[in-house]
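Survey of secondary and tertiary structure
Take a look at the letters that make up each chain.
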Amino acid sequence: MHMYLEFSQQLNKILSGISNCIIIPHKNPDADALGSSMALYIFLSKLGKKTKIILPNSPPDYLDWMIKERSVISYENSPEKTRRYLLDSQIIFTLDFNSMKRIGALSKEIDNINRPLIMIDHHESPEKFSNLFLSKPEIGSTCEIVYNVMKSINDKLIDNEIATYIYSGILTDTGSFRYPLTTGDTHKIISELFKKGINHTKIHERIYDNFTFEKAHLLSVTLKNLKKIDNLGVVYTILKKEELEKYNFKKGDTEGFVNFGLRIQGILVSVIFIEQSGEDIIKISFRSKKNIDVNKFAKKYFNGGGHKNASGGFSNDSILETEKKFISSMNEFFGI
Ligand code: 5GP
Ligand code: MN
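Quick caveat, the model's predicted, so the values are computed rather than measured.

The rules behind these values
- Each chain has its residues counted from 1, following the order in which its sequence is written.
- Numbering of ligands from 1 and lettering of chains from A proceed in the order in which they are written.
- This being a predicted model, a pLDDT of at least 70 is required before a residue's local features are given, and a value of 80 or more before pairs of side-chain atoms are given or counted; all residues contribute to the totals for chains, interfaces and linings.
- Only hydrogens and water are removed before side-chain values are computed, so all heavy atoms of the structure are retained for them.
- Site definitions follow a grid-based scheme: protein atoms alone, a 1 Å grid, a 1.4 Å probe that fits but cannot get out for cavities, and for pockets an open set with protein on both sides within 12 Å along at least five of seven lines, plus lining residues having an atom within 4 Å of a point.
- Grid points are joined across faces, edges and corners, and a volume is the space filled by probe spheres set on the points.
- Secondary structure elements are defined from DSSP: runs of H or I of at least 4 residues count as helices, runs of E of at least 2 residues count as strands, and each element is numbered from the N terminus.
- Residues were grouped as follows: Ala, Val, Leu, Ile, Met, Phe, Trp, Tyr, Cys and Pro as nonpolar; Asp, Glu, Lys and Arg as charged; and all remaining residues, including Gly, as polar.
- What we call a nonpolar core is a set of buried Ala, Val, Leu, Ile, Met, Phe, Trp, Tyr and Cys residues that are connected through their side-chain atoms within 4.5 Å.
- When a residue's accessible area, from a 1.4 Å probe over protein chains only, is under 20% of the maximum for its type it is buried; when over 50% it is exposed; and in between it is partly exposed.
- Note on contacts: a residue pair qualifies if any of its non-hydrogen atoms lie within 4.5 Å across the two residues.
- DSSP calls a pair of strands paired once it identifies at least 2 bridges connecting them.
- Because water is not among the atoms used, a metal site may look incomplete, as its donors are only the N, O and S atoms within 2.8 Å, or 3.2 Å for Na, K and Ca.

With that settled, consider empty space enclosed by the protein. For the coordinates displayed, the defined rule picks out one cavity of 30 Å³ or more. Quantified by volume, the largest cavity comes out at close to 30 Å³. What lines the largest cavity is simply T222, L223, L226, T237, F257, V258, F260, G261, S270 and V271. Among the secondary structure elements, those contributing two or more residues to the lining of the largest cavity are α9 (213-224) and β9 (269-275). Of the residues that constitute the lining of the largest cavity, the class distribution is six nonpolar, four polar and no charged.

In structure tokens, the structure reads:
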């Protein structure tokens, strides 16, 4: 709590001198990025600050319900408006990412206007791009950190809506309270959110029970394509462009698919390769259990990063080359 207090005091001091804020989460935002942004947005608005959220690109449809404010725009769809908002701003919050690379081309716009940056994040090895930062890799979600910051600034301003956003981010980034970074403190926060009147059943349904019929079929293809690297406890699956097109793939449709591999007995690493339509890259997601550090793996072999048990990266090679490189890298990584 000490660190939160110190950060919150510094933040309070900064806030007392300004009236216009911007909040930016990472590209392809998930419920933690959007939830922490929306929660902080409402909180800052209640403090009387004119606040806007700028998303690097549009969020997946299944998270549409999290955005019902006019003050959220995406750089991808509104570059001019983004520049205007940035010019009007006095400080910029960056939420749920540790490197400017994670917001794509929007990072250039931020370099251009040169405003103080305040970073709140829980990814390992943060780059030093901000003026004030709260980086806590030992915490399971950015929402948990933002909640503690808001609580130490003014607990009374945390309403049902803020609590709903915070719950959503904690829920998804802890894998529904099961990943190792879930703590008693996390559950204590959840209990405080219940006191704010959240409807947890409704939140779970909105986030998880949202499959389209096509998405269910895409999951069946994902599982059908599952392969195992013998002796390593590694499974992986590949979704090719044609398969994605056949099932009318939309951004976010494969969310959570990579986790299924970890349900298999003896499997400690699960990986999904998704060929991107339009772009010549293959997006990769890594998930692991126990001490297997897929953050290191993603960083070393696939231009990526993230957390110890959940990371991502990409490949510019063909599917075939990527698969070959992946198998040999895994063997090298496990010292075989
Ligand atoms: P996902 O597999 O859900 O896209 O991402 C899992 C985690 O890895 C997230 O915390 C995300 O921030 C991180 N991550 C995903 N893709 C990349 C990437 O290309 N680069 C880096 N540095 N981190 C990534
Ligand atoms: Mn997060």
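This is not the end of the story, as more comes after the structure.
With 53 residues, the main nonpolar core has F93, I166 and L193 as its most contacted residues. Sorting elements by how many residues they give to this core places helix α2 (residues 31-46) first, with nine residues. When neighbours within four sequence positions are excluded, L193 is seen to be in contact with Y147, A163, I166, Y167 and I198. Counting residues in hydrophobic clusters, the runner-up holds 20 residues, among them I229, Y236, A298 and I319.

What follows is about the sheet that holds strand β12 (residues 310-315). Backbone hydrogen bonds are what pair the strands of a sheet, in a parallel or an antiparallel way. Strand order in the open sheet formed by six strands is β7-β8-β9-β10-β12-β11, and the pairing between neighbours is mixed. At either margin of the open sheet sits one strand with a lone partner, and together these are β7 (227-229) and β11 (305-306). As paired strands, strand β8 (residues 234-239) and β9 are joined by six bridges and run parallel to one another. Of the residues in β9, the one forming a bridge with I238 is F273.

Let's shift gears to the coordination of the manganese ion (ligand 2). Taken together, the protein donors to the manganese ion (ligand 2) comprise D32 (OD), D96 (OD), H122 (NE2) and D173 (OD), at separations of 2.2 to 2.3 Å. Donor residues binding the manganese ion (ligand 2) come from one chain and are separated in sequence as D-x63-D-x25-H-x50-D. Taken together, the positions of H122 in the loop between β5 (117-121) and β6 (132-135) and D173 in helix α6 (residues 160-173) put the pair 51 residues apart, joining distant regions of the chain.

Moving on, we get to the pairing of strand β4 (residues 91-95). Counting buried positions over the five residues of β4 gives five, a clear majority of the element. Across the two faces of β4 the burial is the same, with I91, F93 and L95 and I92 and T94 all buried. Sheet analysis places strand β1 (residues 20-25) next to β4, joined by five bridges and oriented parallel. Each bridged residue has a counterpart across the sheet, and for I22 the counterpart in β4 is I92. Pairing of β4 with β5, which is carried by four bridges, proceeds in the parallel orientation. If you follow T94 over to β5, its bridge partner there is M119.

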